Amino acid sequence: MKVINVNGVFYDSNAYLLDAKRKTLVDAGIDGSRVLKSLPEDLELIILTHCHYDHIAAVPEIVKATGAKVAMHEADVPFIKSSKINCARMFGSDSPELKVDMVLKDGDEIDLGDVKLRVIHTPGHTPGSICLYEPVSKAMFTGDTVFEEGGFGRTDIGGNPEHMLSSLATLTRFEVVTLYPGHGNIVAENAPEALRTSLKSARFMLMI
Ligand SMILES: [Zn+2]
Ligand SMILES: [Zn+2]
């Protein structure tokens, strides 16, 4: 599966274009006009790893230009309209106007034609944070749950440290070759070690 990061500048999240039969974007970032320059007109789906502004603000502009459908975990859907919880206020903005077409649950399989993505519910950063797993290439999209070099998502902006720990433990049970985090670099070497390090640092830092 070909994956291209079409965003990821300053605080703006990464946005991964999956070049599957059904062209799909994982997270959208803030700056819709910049992301749109790298997107195909036949983009079909935008899967959001969670409700935070830096991942969802570009959605209305991308949907307007492409007609793509929007997918998000059920537990984060209510926060789309809350500028405090989705952090829009932190960015000095209002909540983006967007509609969720596909409400996701743990274990759902999203069929992209030639690629299937499994939804893993990983609360902790937000209640409805998800990771996506592609079993053939063993790719995992980790949103703001896991970053490179043992990083993991903040739990103090609407999250929960205990949930973060059990989510990180869940992720270490997957066979992973490449990690695609919501910010920073792609982890293409030693991805299992990166997951284990995130769990270890979270255990230490969250002191549970
Ligand atoms: Zn983020
Ligand atoms: Zn976030």
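For the structure, see preceding data.
Quick summary incoming for the structure in this document. (Residues numbered from 1 in each chain as written. Chains lettered and ligands numbered in written order. Predicted model: local features only at pLDDT ≥ 70, side-chain atom pairs only at ≥ 80, totals over all residues. Heavy atoms only, no water.)

## Quick notes on the side chain of T126
Counting through the fold element by element, T126 comes out in the loop between β8 (116-121) and β9 (130-134). With a relative accessible area of 2%, T126 lands in the buried category. In terms of polar contacts, T126 uses its side chain to reach the side chain of S129, at 2.7 Å. Residues within four places of T126 in sequence aside, it is in contact with H50, C51, H52, D76, G158 and G159. (Helix = DSSP H or I, 4+ residues; strand = E, 2+ residues; numbered from the N terminus. Buried < 20%, exposed > 50% of the residue type's maximum accessible area, 1.4 Å probe, protein only. Polar contact = N/O pair within 3.5 Å; in protein donor to acceptor, adjacent residues only side chain to side chain. Contact = heavy atoms within 4.5 Å.)

## Regarding helix α4 (residues 161-172)
Its twelve residues place the ends of α4 17 Å apart at the C-alpha level, agreeing with the 16 Å of an ideal helix rising 1.5 Å per residue. If you check which residues of α4 are buried, you get M164, L165, S167, L168, A169 and L171. Of the surrounding secondary structure, the elements contacted by the buried residues of α4 are β8, β9, β10 (139-143) and α5 (191-206). One side-chain oxygen of the residue at the start of α4 lies 2.9 Å from the amide nitrogen of E162, identifying that residue as N160. (Expected span 1.5 Å × (residues − 1).)

## Overview of the packing of aromatic side chains
If you walk through the whole model with that rule in mind, you get five aromatic pairs. Where F141 meets Y180, the ring centres are 4.8 Å apart and the plane angle is 15°; that geometry is what we call stacked. Taken as a pair, F141 in strand β10 and Y180 in strand β11 (residues 178-181) lie far apart in primary sequence, 39 residues in all. Taken together, the aromatic side chains of Y16, F141 and Y180 make up a single cluster linked through ring pairs. (Phe/Tyr/Trp six-rings, centres within 6.5 Å; stacked < 30°, edge-to-face > 60°.)

## Regarding the coordination of the zinc ion (ligand 2)
At the metal site, the zinc ion (ligand 2) is ligated by H50 (NE2), H52 (ND1), H125 (NE2) and D144 (OD), and these contacts range over 2.1 to 2.3 Å. Binding-site remark: the zinc ion (ligand 2) is held by donors from one chain whose sequence spacing is H-x1-H-x72-H-x18-D. Between the zinc ion (ligand 2) and the zinc ion (ligand 1), the interatomic distance is 3.5 Å, and D144 donates to each metal, bridging them. Of this pair, H52 sits in the loop between β4 (45-47) and α2 (53-56) while H125 sits in the loop between β8 and β9; the two residues are 73 residues apart in sequence, bridging distant segments of the chain. (Donors = N, O, S within 2.8 Å, 3.2 Å for Na, K, Ca; no water.)

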